[in-house]
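Per-entry structural report
Chain by chain, the residues run as shown.
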Amino acid sequence: MLLRFSVQNYLSFKDVQTLDLVANVRHKECLGMNAFSTQNPLCPEVLKTAAILGANASGKSNLLKALQVLRALVIRKEVVGPNPVALVKPFRFVSGKNSEPVCFSVELLLEGVPYEYSLAFSNGVVVWETLRVHGGEGKRWRTVFSRTLDPDKAIPTYSYRYGSGFGAGKKTIELRTSPDATFLGTAVLFDIQAVTLVYQWFKNQLVVINEQASLNELFTIERIANDQSFKASVAHLMKAADLGISDIRVEKRKVPAMSVAVNPLKGEAQVKNEDREVISVALSHEVDGQSWTLPFEEESLGTRRFLHLAGPLIDLQDKEITLCFDELEASLHPLLLEAILELFQKESTNKAGAQLIFTTHCDSLLDNDTVNPNTTLLRRDQIWFVDKNQKLESSLYCLDEFEVRKSESIRRGYRIGRYKAIPLLIDLGE
């Protein structure tokens, strides 16, 4: 699971900004429900969810993009597509050329062990890269590997350091790692066990959904068409969301289709008639004891979006993943957003350690009853803001940095600008 993420000199983040998911144990409200107990003294409680609020164009989305780019840089050797190095874009609003590197850093807890991975890029090449692991209680951080660019060489040349137990084949891995690639991504191809857990977290446990990687809307539909128990779980979630849905009906049918293939030897096109399987979805509604079925395309946008979300949310309940979702509440009622948060925060529906980090404009989430420790949907350390100054620099900070009285309305304080991170509106009538 993710403990901390830091970014510097990327898009709107000029200075180092850090998202911290290690819970502040001084706050007792809903600590047992809103955080995982790790039994590790370095990070005894880790938050399950974090909400990031801010004005439009403040930089909220850029924070998730930074994680997305870091993931792409690490796993690029296993992904077919454009080189993600082109996505490493430094802060632009500086006089002259920005020569500072773009820096990323994550702290992870994997199988109970803390890891720290850091990476810096400049002018399309890696400047430095390090992986560290903590030795346990009473011990220190130790280096797994480090890689540093020699600034005095015309051709990119690196110096390396290794910790004990890294494994054999170091020189071969060094030669196989190009200046624009990560050493972590290369080492895993040589079955270096010391880097496997961290690499697998990037590949299989970090999921970012935004404009660059949209939600797969077919996932839910295909799963409910082939798995009755999964269909029942989705139907139950739809009912619990009070969308007026009593059942989900899925129909598979064959439709006529044609395929065209070109014979490269004869240069002729061959047309084949063949059936194609399609899946149609309809939702049932109970009205005065009678069941009515509507085609899926006639349902509201919010209902359709919630169905598309329902499948991945249920699927994640038995996976230890970190899901980062840009504008999670789009087309959803605030109460449905709260229901999604509860899925991640209830032990009965988050059994494997899934985390949710999301950007939102839904400030109703800020009104939590901190007097009653059993009704806090978001603790103070789960609420983050992004604000942009006149120099177009984004800053990330937590509500926990402010003194908040237990009886005050956080939402009202946010709206009147106490925590900033809101648009400064002019009188549109002028």
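Structure report, in brief. This structure is a prediction, so every number in the text was calculated from the model and none was measured.

Scanning the protein chain from terminus to terminus reveals 10 helices and 18 strands. For the protein chain, the C-alpha radius of gyration of 25 Å lies close to 22 Å, the compact-globule estimate for 430 residues. Relative to its full complement of 430 residues, the protein chain shows a buried share of 49%. Summed over all atoms, the accessible surface of the protein chain reaches about 22200 Å², with 50% contributed by carbon and sulfur. For the protein chain, the distance from the average site of its 50 positive side-chain charges to the average site of its 53 negative ones is 6 Å.

Time to look at the pattern of salt bridges. A full pass over the atoms with the stated rule returns 19 salt bridges. Between arginine 147 and glutamate 129 there is a salt bridge, and its shortest N-O distance comes to 3.0 Å. Residue arginine 147 is found in strand E9 (residues 141–149), and its partner glutamate 129 is found in strand E8 (residues 125–134); the two are separated by 18 residues along the sequence. We classify arginine 147 as buried; its relative accessible area is 0%. Here glutamate 129 falls in the buried class, since its relative accessible area comes to 0%.

The N-to-C vectors of helix H2 (residues 60–75) and helix H5 (residues 193–205) enclose an angle of 120 degrees; their axes lie 10 Å apart at closest approach. Looking at the two axes, H2 sits oblique to H5. With respect to the hand of their crossing, H2 and H5 are arranged in left-handed fashion. Between H2, through Leu70, Arg71, Val74 and Ile75, and H5, the contact on the second element is made entirely by Tyr199, Phe202 and Lys203. In terms of residue class, the contact of H2 with H5 is built from 5 nonpolar, no polar and 2 charged.

Once that is clear, we can look at the environment of phenylalanine 402. Turning to its location among the elements, phenylalanine 402 is positioned in the loop between strand E18 (394–398) and helix H10 (410–415). By relative accessible area, which is 27% here, phenylalanine 402 ends up partly exposed. Once the C-alpha coordinates of phenylalanine 402 and tyrosine 419 are considered, the two residues, 17 residues apart in sequence, prove to be 8.1 Å apart. Phenylalanine 402 has contacts with Tyr397, Arg418 and Tyr419, leaving out every residue within four places of it along the chain.

So, about the packing of aromatic side chains. Under the criterion given, the structure shown has 18 aromatic pairs. Centre to centre, the rings of tyrosine 162 and phenylalanine 183 are 6.1 Å apart; their planes meet at 55 degrees, and the pair counts as tilted. Of the two residues, tyrosine 162 sits in strand E10 (residues 158–162) while phenylalanine 183 sits in helix H4 (residues 183–187), which places them 21 residues apart along the sequence. Residue tyrosine 162 is classed as partly exposed on the basis of its relative accessible area, which comes to 23%. For phenylalanine 183, a relative accessible area of 0% gives the class buried. Over the aromatic face of tyrosine 158 sits the side chain of arginine 147, whose NZ or CZ is 4.2 Å from the ring centroid.

This next bit is on the nonpolar core. In a soluble, globular protein the nonpolar side chains are often hidden away together inside. Of all hydrophobic cores here, the largest spans 57 residues; its most connected members are Phe5, Phe104, Tyr117, Leu184, Val195 and Phe202. Per-element tally for this core: the top contributor is H2, with 9 residues. In this view, phenylalanine 104 contacts Phe5, Ser6, Val7, Tyr10, Ala66, Val69, Leu70, Leu73, Tyr117, Ser118 and Leu119; residues no more than four positions away in its chain are not counted. Counting 53 residues, the second largest nonpolar core, distinct from the first, contains Ile221, Ile314, Leu316 and Ile321.

Taken together, 6 strands build an open sheet; the order of strands is E11-E15-E16-E5-E17-E18 and the sheet is mixed. On the outer flanks of this sheet lie strand E11 (206–209) and E18, each paired with one strand and no other. Between one strand axis and the next, the sheet turns through 15 degrees on average, direction left out of account. On the sheet, H5 packs against E11 and strand E15 (322–325) and is oriented at approximately 35 degrees with respect to E11.

Sheet architecture is open: 7 strands sit in the order E2-E1-E6-E7-E8-E9-E10, paired in antiparallel fashion. Only two strands of the sheet have a single partner each, and these edge strands are strand E2 (17–20) and E10. Strand after strand, the sheet turns through a mean of 10 degrees between neighbouring axes, direction not considered. Sheet topology note: the strand E1 (residues 2–8)/strand E6 (residues 102–110) ladder contains 6 bridges and is antiparallel. Paired with glutamine 8 across the two strands is cysteine 103, which belongs to E6. Across the face of the sheet, H5 comes into contact with E1, E6, strand E7 (113–122), E8 and E9 while running at roughly 105 degrees to E6.

Time to look at helix H9 (residues 334–345). Given 3.6 residues to a turn, an α-helix orients residues that are three or four positions apart in the same direction. The terminal C-alpha atoms of H9 lie 17 Å apart, and with 12 residues this matches the ideal 16 Å at 1.5 Å per residue to within 8%. For H9, the full list of buried residues reads Leu336, Leu337, Ile340, Leu341, Leu343, Phe344 and Gln345. For H9, the secondary structure elements touched by its buried residues are helix H1 (31–34), strand E5 (49–53), helix H7 (228–240), helix H8 (301–315), E15 and strand E16 (355–360).

By the element assignment, glutamate 342 lies in helix H9. The exposure class of glutamate 342 is partly exposed, given its relative accessible area of 36%. For the pair glutamate 342 and threonine 49, spaced 293 residues apart in sequence, the C-alpha separation works out to 9.6 Å. Glutamate 342 has contacts with Thr349 and Leu377, leaving out every residue within four places of it along the chain.

It is worth spelling out the side chain of threonine 186 at this point. Counting through the fold element by element, threonine 186 comes out in helix H4. Among the residues examined, threonine 186 registers a relative accessible area of 2% and is labelled buried. Within the structure, threonine 186 has its side chain in polar contact with the side chain of threonine 177 (distance 3.3 Å). Other than its neighbours up to four places away in sequence, threonine 186 contacts Lys77, Ile173, Arg176 and Thr177.

Definitions and cut-offs
Residues numbered from 1 in each chain as written. Predicted model: local features only at pLDDT ≥ 70, side-chain atom pairs only at ≥ 80, totals over all residues. Heavy atoms only, no water. Helix = DSSP H or I, 4+ residues; strand = E, 2+ residues; numbered from the N terminus. Rg over C-alpha atoms; globule rule 2.2 N^0.38 Å. Buried < 20%, exposed > 50% of the residue type's maximum accessible area, 1.4 Å probe, protein only. Areas by Shrake-Rupley, 256 points an atom, 1.4 Å probe, with all protein chains shown as cover. Lys, Arg positive; Asp, Glu negative; His and termini not counted. Charge placed at Lys NZ, Arg CZ, Asp CG, Glu CD. Salt bridge = Lys/Arg side-chain N within 4 Å of Asp/Glu carboxyl O. Axes fitted to C-alpha atoms, helices over the stretch in contact; angles between N-to-C directions. Parallel < 35°, antiparallel > 145°, perpendicular 65-115°, else oblique. Left-handed = near helix turned anticlockwise from the far one by under 90°. Contact = heavy atoms within 4.5 Å. Nonpolar A, V, L, I, M, F, W, Y, C, P; charged D, E, K, R; others polar. Phe/Tyr/Trp six-rings, centres within 6.5 Å; stacked < 30°, edge-to-face > 60°. Lys NZ or Arg CZ within 6 Å of the ring centre and 35° of its normal. Core = buried A, V, L, I, M, F, W, Y, C linked by side-chain atoms within 4.5 Å. Pairing = 2+ DSSP bridges. Expected span 1.5 Å × (residues − 1). Polar contact = N/O pair within 3.5 Å; in protein donor to acceptor, adjacent residues only side chain to side chain.

Coordinates in, geometry out; function isn't part of it.
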